[in-house]
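Secondary and tertiary structure notes
Below are the chains, spelled out letter by letter.
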Amino acid sequence: MGLIMIICGPGSEQIGMEIAGILGMESSIVKHKFFPDGETHLRLTREVDGVDVVLVHSTSPPQDRHLVQLLLLVDAIREGGAESITLVAPYMAYARQDRRRLPGEAVSVFTVIRLLTTLGVLRLVTVNVHNPAVFEGHWLEFIDLSAMPLLAEHLKDSGFGGAFSLSLGKKPIDLEHAKEAASILDGEYGCLETFRDPNTGDVSLGRANIGVEGLRVVVFDDVITTGGTHLKAVESLRDGGASEVHLACVHSLLSKEKLLEVLEATDSFICTDTVPNRCSRVRVAPLIADALR
Ligand code: R5P
């Protein structure tokens, strides 16, 4: 590899600059503005000819805008003659629709993968992407980092040792989240199955595979969006006799109103800074910098 440069896209300027600072690497910020008609204008501020570029850019809300910015940026970097493009997307949007449940449905995660590979992204680094398995086997080197241990470490430092770690969902990776956290919190773990109706989007819960009576429970999840799933889980855990119910999610897309609802319903709520908000207690830049190193 020759010169390596970190380009901080508008989706993750802060994280990009932190990564560059940790690694002592050159970085540059992308200039961006909107045309009067609302379209995006972007400009790289450094030459990238012959450079191995690491573009740091999340497609967090507003997802569509950030996704278009990402595509424009990758293309500009490729056209600028970059030697290689590594995309670091701390939050990757459109990753949850990973199969066709209803006829004619767009399976967005594959559309995004096709766009990125076609535009010349060589490597993709994500943090707790919804279903890492679907990113395997494409023309893309793929690394998914887990911030679950960081959330668990933060909780352990705050006195949560021995708490019960619970994950939601039914994919193998979901149980992994609880397992990873439990190995740090030194407590038991389990998984509560969730089912989403493809027509209405309504979520229903299965049965937890272990009782929670009298336990201090921390629910770990990759993402919280409306909070609907988690509020149902919190209610069910309280009904099941849990003494406390806390929530730790890597990515929080909650609106201000929904965040208040979640704070009201839980004993505490924390998340990382992949999508910064007032409950971001864990920084992901050191995790990403380690992986890039
Ligand atoms: C589902 O598989 C995810 O891990 C989350 O539990 C889900 O996406 C959360 O969605 P919401 O906050 O809208 O219930």
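What this report covers is the structure whose coordinates are included nearby. Numbering of residues starts from 1 in each chain and follows the order in which that chain's sequence is written. Given that this is a predicted model, residues contribute local features only at a pLDDT of at least 70 and side-chain atom pairs are listed and counted only at 80 or more, while totals for whole chains, interfaces and linings are drawn from all residues. The basis for every side-chain value is the complete set of non-hydrogen atoms in the structure, without hydrogens or water.

Some points on the overall build of the chain
Formally: Helix and strand labels come from DSSP, where a helix needs a run of H or I of at least four residues and a strand needs a run of E of at least two; each type is numbered from the N terminus. C-alpha atoms define the radius of gyration in this analysis, and the globule rule sets the expected value at 2.2 Å times the number of residues to the power 0.38. Buried, partly exposed and exposed residues are distinguished by accessible area as a fraction of the type maximum, computed with a 1.4 Å probe on protein chains only: under 20%, between the cut-offs, and over 50%, respectively. Throughout, a residue-residue contact means that at least one pair of heavy atoms, one from each residue, lies within 4.5 Å.
Across its full length, the chain carries eight helices and 15 strands. Taken over C-alpha atoms, the radius of gyration comes to 20 Å for the chain, in line with the 19 Å a tight globule of 293 residues would show. For the chain, the C-alpha atoms occupy an extent of roughly 60 × 45 × 40 Å along the three principal directions. Going through the 293 residues of the chain one by one, you find that 48% of them count as buried. Here the analysis covers contacts within the chain between residues at least 6 apart in sequence; of these, 62% occur between residues at least 24 apart.

Let's talk about the site of the ligand
To keep it simple, the criterion reads: If even one non-hydrogen atom of a residue comes within 4 Å of a molecule or strand, that residue is called near it. The protein chains shown are the only cover counted for residues, whose accessible areas, like all others here, come from Shrake-Rupley with a 1.4 Å probe. Under the grouping applied here, Gly and all other residues not named as nonpolar or charged are polar, the nonpolar ones being Ala, Val, Leu, Ile, Met, Phe, Trp, Tyr, Cys and Pro and the charged ones Asp, Glu, Lys and Arg.
Surveying the vicinity of the ligand reveals 13 residues, the closest of which are Arg96, Asp221, Thr225, Thr226 and Thr229. Expressed as a share of its isolated accessible area of 380 Å², the protein-covered part of the ligand is 91%. Elements represented by at least two residues in the shell around the ligand include exactly strand S12 (216-224) and helix H6 (228-239). At four residues, the largest contribution of residues to the shell around the ligand is made by S12. Residues that form the shell around the ligand fall into these classes: two nonpolar, seven polar and four charged.

Section: the sheet that holds strand S8 (residues 141-145)
Here is the rule: Two strands make a pair as long as DSSP finds a minimum of two bridges between them. Structural elements are reduced to axes, namely lines fitted to C-alpha atoms, with helices fitted over the stretch in contact, and the angle between N-to-C directions of any two is expressed from 0 to 180 degrees.
Within the open sheet, the six strands sit side by side as S2-S1-S5-S6-S7-S8. Their pairing is parallel. At either end of the open sheet lies a strand with only one pairing partner, and these are strand S2 (27-29) and S8. Between one strand and the next, the sheet's axes are offset by a mean angle of 20°, whatever the strand orientation. Examined bridge by bridge, strand S1 (residues 4-8) and strand S5 (residues 52-56) share five bridges and lie parallel to one another. Across the sheet, the residue bridging to Ile6 is Val54, located in S5. On the sheet, helix H1 (residues 13-23) packs against S1, S2 and S5 and is oriented at approximately 155° with respect to S1.

Topic: the packing of aromatic side chains
The criterion, for reference: Aromatic pairing here means that ring centres of Phe, Tyr or Trp (its six-membered ring) are within 6.5 Å. Orientation follows from the plane angle: under 30 degrees is stacked, over 60 is edge-to-face, and everything else is tilted. The criterion for a charge sitting over a ring is simple: Lys NZ or Arg CZ within 6 Å of the ring centre, and within 35 degrees of the ring normal.
If you walk through the whole model with that rule in mind, you get one aromatic pair. When the ring centre of Phe160 is taken as reference, the NZ or CZ atom of Arg216 above it lies at 4.0 Å.

So, the nonpolar core
We apply this condition: As used here, the term nonpolar core means buried Ala, Val, Leu, Ile, Met, Phe, Trp, Tyr and Cys residues forming a set that is joined through side-chain atoms within 4.5 Å.
Judged by nonpolar contacts, the single largest core of 34 residues is most densely connected at Ile7, Leu87, Met92 and Phe135. Counting residues per element, the ones that place at least two in this core are S1, S5, helix H2 (63-79), strand S6 (84-89) and helix H3 (108-119). If we skip the residues at most four places from it in the chain, Leu87 touches Leu55, His57, Leu70, Met92, Leu116, Val121, Arg123, Leu124 and Val125. Counting residues in hydrophobic clusters, the runner-up holds 32 residues, among them Cys8, Val56, Val127 and Val282.

Considerations on the packing of H6 against helix H7 (residues 256-265)
What counts here: Roughly parallel here means an angle under 35 degrees, roughly antiparallel means over 145, roughly perpendicular means 65 to 115, and every remaining angle is called oblique.
Put simply, H6 and H7 touch, their axes get as near as 10 Å, and they point 10° apart. On the basis of the axis angle, H6 is roughly parallel to H7. Contacts from Leu231, Val234 and Arg238 of H6 reach H7 at Glu261, Val262 and Ala265. Among the residues making up the contact of H6 with H7, the classes are represented as four nonpolar, no polar and two charged.

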